[in-house]
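Remarks on the overall topology
Below are the chains, spelled out letter by letter.
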Amino acid sequence: FLSHAWQSADPLMCYLSEQHRQEDGAFLSVLSAIRSGAVAPQVHTALQSRKVATGGEAEHTRLYAHNVNVDKVNLERLESLSGEEMMFAMESRGGDTLVSGLKRSCLSPEELRLKIGARVMFTKNNFELGFVNGTIGEIKEFGESGAPVVRTERGRVITVPVMEWVIADGARTLATITQFPLRLAWAITVHKSQGMTLDSAVIDLSQAFEFGQGYVALSRVRTLSGLFLLGYNARSLEVHPEVLAIDVAFREKSDDTVEVFA
């Protein structure tokens, strides 16, 4: 929104006000307060009520601020499983720069390591097969073709297909990467969790370092009862001043749009 292109475009603004991820009013109040930069004592009281010990809630996906914590948890949990490890390498086509950009934005790793019993998360949407970005499950077996078979937390059994991430220019494909749309899901970074919806999560914000990091993490969860908080620091609840300022402007422009179409 600071770019010349945005300013010269001067788009009509429609501010979305309905919330569909969260399901309870108390949690919505907490998130709204953080988003607006008005973290009152009630917010801290609600968050403190969801504090847990480090060793608890082992079966919920964990969110951390740093990759080093995520990699440590996932590697330890994978290696604790018996059985043969399967490794699936990402394939790519296209120019190096574009392919590198696709790989950075892809939630699935270049080398996907799995075992039967591994906790995994889908990283793409496929409504026909019954999964979306953030669906959690467990590897039950590997099919005849070697494809992983996942039983989701809601009991659906899915033979996972290889999927594509694409950069295109109109009808022309410029770069493509292919991989199974999975990642290990005992732990994930807050950054990589953006766009996901989780029924529950263990979240550690004690090392949060970016504006908005806490809001992104907390708002992945549907309900306050699904939140298990290991800790949080002051930065985790802060919103960037420029974001707070532009939010006011967006709301005002949205009100103008309503009058245009009234």
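Right, let's walk through the structure included here. Counting restarts for each chain: residues are numbered from 1 in the order of the written sequence. A pLDDT threshold of at least 70 governs which residues receive local features in this predicted model, and a stricter bar of 80 or more applies before side-chain atom pairs are shown or counted, although totals over entire chains, interfaces and linings include all residues. Here the side-chain values reflect all heavy atoms present in the structure, with hydrogen atoms and water set aside.

Assigned secondary structure in the protein chain consists of seven helices and 14 strands. Each principal axis of the C-alpha atoms in the protein chain carries an extent, and together these give about 60 × 50 × 30 Å. For the protein chain, the residues scored as buried account for 41% of the 262 residues in total. The contact definition used throughout considers only heavy atoms, calling two residues in contact when any of these lie within 4.5 Å. Within the protein chain, counting contacts between residues at least 6 apart in sequence, those at least 24 apart form 69% of the total. To qualify as a helix, a DSSP run of H or I must reach at least 4 residues; to qualify as a strand, a run of E must reach at least 2; elements of each kind are numbered from the N terminus. Accessible area is worked out with a 1.4 Å probe on protein chains only. A residue is then buried under 20% of its type maximum, exposed over 50%, and partly exposed in between.

Only Phe, Tyr and Trp rings are paired, with Trp represented by its six-membered ring, and only when their centres lie within 6.5 Å; those with planes under 30 degrees apart are stacked, over 60 edge-to-face, the remainder tilted. Evaluated as defined, the whole model comprises five aromatic pairs. Plain terms: the ring middles of Phe1 and Phe250 are 6.1 Å apart, the flat faces sit at 85° to each other, and that makes the pair edge-to-face. Taken together, the residues Phe1 in the segment before helix H1 (4-9) and Phe250 in helix H7 (residues 241-261) connect sequence positions 249 residues apart. You can call Phe1 partly exposed: its relative accessible area is 36%. Overall, Phe250 belongs to the buried group, its relative accessible area being 18%. Centroid distance Phe88 to Phe180: 5.0 Å. Interplanar angle 75°. Geometry classified as edge-to-face. Remark: Phe180 occurs in the loop between strand E10 (172-179) and strand E11 (182-184) and Phe88 occurs in strand E2 (residues 86-89); sequence separation between them is 92 residues. Put simply, the rings of Phe1, Trp6 and Phe250 touch in pairs and so form one group of aromatic residues. Each ring is checked for a lysine NZ or an arginine CZ that lies within 6 Å of its centre and within 35 degrees of its normal; such an atom marks a charge sitting over the ring. The ring of Phe228 carries Arg50 above its face, with NZ or CZ at 5.3 Å from the centroid. Over the face of the ring belonging to Phe211 we find Arg235, whose NZ or CZ atom lies 4.1 Å from the ring centre.

Bringing the nonpolar core into the picture now. In terms of nonpolar packing, the biggest core is built from 31 residues, with Leu47, Leu63, Ile203, Leu205 and Leu218 touching the most fellow members. Those elements that place two or more of their residues in this core are helix H2 (25-35), helix H3 (41-48), strand E13 (201-205), helix H6 (213-218) and strand E14 (227-232). Excluding anything up to four places from it in sequence, Leu205 contacts Val190, Gln213, Gly214, Ala217, Leu218, Gly231, Tyr232, Asn233 and Ser236. To form a nonpolar core, buried Ala, Val, Leu, Ile, Met, Phe, Trp, Tyr and Cys residues must be joined to one another through side-chain atoms within 4.5 Å. Membership of the second largest hydrophobic core comes to 26 residues, among which are Ala147, Val150, Leu184 and Phe228.

As a further point, take the side chain of Thr223. With respect to the helices and strands, the residue Thr223 is situated in the loop between H6 and E14. In this structure the side chain of Thr223 is engaged in a polar contact, spanning 3.1 Å, whose partner is the side chain of Ser225. With near-sequence residues (within four places) excluded, Thr223 lies in contact with Glu23, Asp24 and Phe27. Contacts described as polar in this section are N or O atom pairs within 3.5 Å, which, within protein, must combine one atom able to donate a hydrogen with one able to accept it, while residues neighboring in sequence count only if both atoms come from side chains.

Moving on, we come to H2. Taken together, the buried positions of H2 are Phe27, Val30, Leu31, Ala33 and Ile34. Relative to the axis of H2, the buried residues are bounded by an arc of 160° and lie together on one face. Of the residues trailing H2, Gly37 is marked for its positive phi of about 75°. As used here, the arc is the angular range of directions from the helix axis to the C-beta atoms.

So, on to the sheet that holds strand E5 (residues 119-122). On the basis of which strands lie adjacent, the open sheet formed by five strands has the order E8-E7-E6-E5-E11 and antiparallel pairing. The open sheet has two edge strands, strand E8 (157-159) and E11, and neither has a second partner. Direction aside, neighbouring strands of the sheet carry axes that sit 40° apart on average. Any two strands with at least two DSSP bridges between them are considered paired. Here strand E7 (residues 148-152) runs beside E8; their pairing, made up of three bridges, is antiparallel. For Val150, the partnering residue across the bridge sits in E8 and is Ile158. Note on geometry: axes are lines fitted to C-alpha atoms, helical ones only across the stretch in contact, with angles between N-to-C directions running from 0 to 180 degrees.

This paragraph deals with the side chain of Ser108. Tracing the chain through its elements places Ser108 in the loop between helix H5 (96-105) and strand E4 (111-114). At a separation of 2.8 Å, a polar atom in the side chain of Ser108 contacts the side chain of Thr123. Engagement of the side chain of Ser108 in a polar contact is seen with the backbone oxygen of Phe180, the distance being 3.1 Å. Setting aside residues up to four positions removed in sequence, Ser108 forms contacts with Met90, Thr123, Trp165, Gln179, Phe180, Pro181 and Leu182.

Time to look at a negative patch on the surface. Patch definition: residues with relative accessible area over 30% and no salt bridge; like charges joined within 9 Å; nonpolar side chains (Val, Leu, Ile, Met, Phe, Trp, Tyr) joined within 5 Å. Only the protein chains shown count as cover for residues, and the accessible areas themselves come from Shrake-Rupley with a 1.4 Å probe. What makes a salt bridge here is a side-chain nitrogen of Lys or Arg within 4 Å of a carboxyl oxygen of Asp or Glu, nothing more. Only four residue types enter the charge count, namely Lys and Arg as positive and Asp and Glu as negative; His and the chain termini do not. Where a charge lies is defined by one atom per residue type, namely NZ (Lys), CZ (Arg), CG (Asp) and CD (Glu). A contiguous patch of negative charge on the surface is contributed by Glu252, Asp255, Asp256 and Glu259. In this fold, Asp255 is placed in helix H7.

Let us look at the sheet that holds strand E3 (residues 91-94). Taken together, the three strands give an open sheet; going across it, the order is E3-E10-E9, and neighbouring strands pair in antiparallel fashion. Two strands lie at the open edges of the sheet, namely E3 and strand E9 (163-169), each paired on one side alone. Averaged over all pairs of adjacent strands, the angle between strand axes in this sheet comes to 15°, irrespective of strand direction. Pairing analysis gives four bridges linking E3 to E10, with the strands arranged antiparallel. In the sheet register, Ser92 faces E10, and the bridge partner there is Ile177. On the sheet, H5 packs against E3, E9 and E10 and is oriented at approximately 45° with respect to E10.

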